[in-house]
Amino acid sequence: MKKIHFNVIDSTNTYLEKNFRKLPNPCAVYADIQTVGKGRLNRRWDSGAGGLWFSVLFKNPLLPPPVLQRICSIVSVEILMELTDEKGFGLKWPNDIYFKDKKISGCLQKNIFSGSETACIVGTGININNTIPEELTDKGISLKMITGKEYDCSEILNIILINIERELKDFDEKNLISRYRGYSIIKPGSKVSVRRFEDEMVLVGEVLEHPMDDIKIRIGNEIFIYKSGDITLKEW
């Protein structure tokens, strides 16, 4: 997979969105620092030196975008587990990675439809050696904070990209779903607090099935099905 490196960039996702037509497929862009790094819901993602900030471009993909995003997050969580031999990592629906109760990685998907061309961009940010802002230390964590070791971000990226390509070549949907469910923090029976975007209401309910593209929740005597773009999970 071709890799493009920047010392500093506004956003690796934005770069691919602007230049996808002239880039090979697939292609990865990574940066030492992002000045306008973003997470889900347009939230700012602190992307300072020492972290791994990268995006992967899939042009005219054969697999649906949610599956491509799932592949990227599963590969990333498995690499983190291998690097640390820790059991505390998990995926919070839809694709964030947590270590115990703190976030270490976020994943953001952007779909492009331009005439006969389509593209899916999956951006990933992983806290590796970077310093977590003091106001976020109760919510965020880095790999270095977990193990006390420094890591080579480019080496970790190479392993992730090799494994993404392997997943694409040997795609096995049943295996992917099984792994995703196995790493999932949100499981059937989980109690969750959700905030609905349509009316900003916060509701508490019980998850009925392993969430995939959507999540099924019983709230009171009613059952609701939400897409990840409908709600955000406040607590679980």
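Residues numbered from 1 in each chain as written. Predicted model: local features only at pLDDT ≥ 70, side-chain atom pairs only at ≥ 80, totals over all residues. Heavy atoms only, no water.

> Any chance you could break down the pairing of strand E8 (residues 191-196) for me, citing the residues and the numbers?
Counting buried residues in E8 gives 5 out of 6 residues, a clear majority hidden from the surface. Counting the residues in the hairpin turn of E8 and strand E9 (residues 202-207) gives 5 residues, including Glu 200, whose phi is positive at 65°. Pairing of E8 with strand E12 (residues 231-235), which is carried by 4 bridges, proceeds in the antiparallel orientation. Along E12, the bridge assignment pairs Arg 195 with Thr 232. (Buried < 20%, exposed > 50% of the residue type's maximum accessible area, 1.4 Å probe, protein only. Helix = DSSP H or I, 4+ residues; strand = E, 2+ residues; numbered from the N terminus. Pairing = 2+ DSSP bridges.)

> Can you lay out the sheet that holds strand E10 (residues 214-219) for me, pointing to particular residues and giving the numbers?
Across the sheet, 5 strands lie side by side as E11-E10-E9-E8-E12; this open sheet has antiparallel pairing. Only two strands of the sheet have a single neighbouring strand rather than two, namely strand E11 (222-227) and E12. Direction aside, the axes of adjacent strands within the sheet are offset by 45° on average. (Axes fitted to C-alpha atoms, helices over the stretch in contact; angles between N-to-C directions.)

> Can you break down the packing of helix H2 (residues 65-84) against helix H4 (residues 153-169) residue by residue, with the values?
Between H2 and H4, the shortest axis-to-axis distance is 9 Å and the interhelical angle comes to 135°. Comparing the axis directions of H2 and H4 gives the class oblique. Crossing of H2 over H4 shows right-handed handedness. Across from Leu 68, Ile 71, Cys 72, Val 75, Ser 76, Ile 79 and Leu 83 in H2, the residues of H4 making contact are Ile 156, Ile 159, Ile 160, Asn 163, Ile 164, Glu 167 and Leu 168. Taken together, the residues of the contact of H2 with H4 sort by class into 11 nonpolar, 2 polar and 1 charged. (Parallel < 35°, antiparallel > 145°, perpendicular 65-115°, else oblique. Left-handed = near helix turned anticlockwise from the far one by under 90°. Contact = heavy atoms within 4.5 Å. Nonpolar A, V, L, I, M, F, W, Y, C, P; charged D, E, K, R; others polar.)

> Summarise the pattern of salt bridges; cite the residues concerned and give the values.
Counting across every chain of the model gives 13 salt bridges. In this structure, Arg 179 engages Glu 78 in a salt bridge whose closest nitrogen and oxygen atoms are separated by 3.0 Å. One end of the pair, Arg 179, is in helix H5 (residues 173-183); the other, Glu 78, is in helix H2, and 101 residues separate them in sequence. Overall, the relative accessible area of 15% leaves Arg 179 in the buried class. Where Arg 196 meets Asp 199, a salt bridge forms, and the shortest distance between an N and an O atom there is 2.5 Å. (Salt bridge = Lys/Arg side-chain N within 4 Å of Asp/Glu carboxyl O.)

> Go over the side chain of Glu 167, please, and point to the residues and values.
Here Glu 167 is to be found in helix H4. With relative accessibility at 16%, the residue Glu 167 sits in the buried group. In terms of polar contacts, Glu 167 uses its side chain to reach the side chain of Arg 179, at 2.7 Å. Sequence-distant contacts of Glu 167, defined by excluding residues within four places in its chain, comprise Ile 71, Val 75, Leu 176 and Arg 179. (Polar contact = N/O pair within 3.5 Å; in protein donor to acceptor, adjacent residues only side chain to side chain.)

Note that every value here comes from positions in space, so none of it alone points to a role or purpose.
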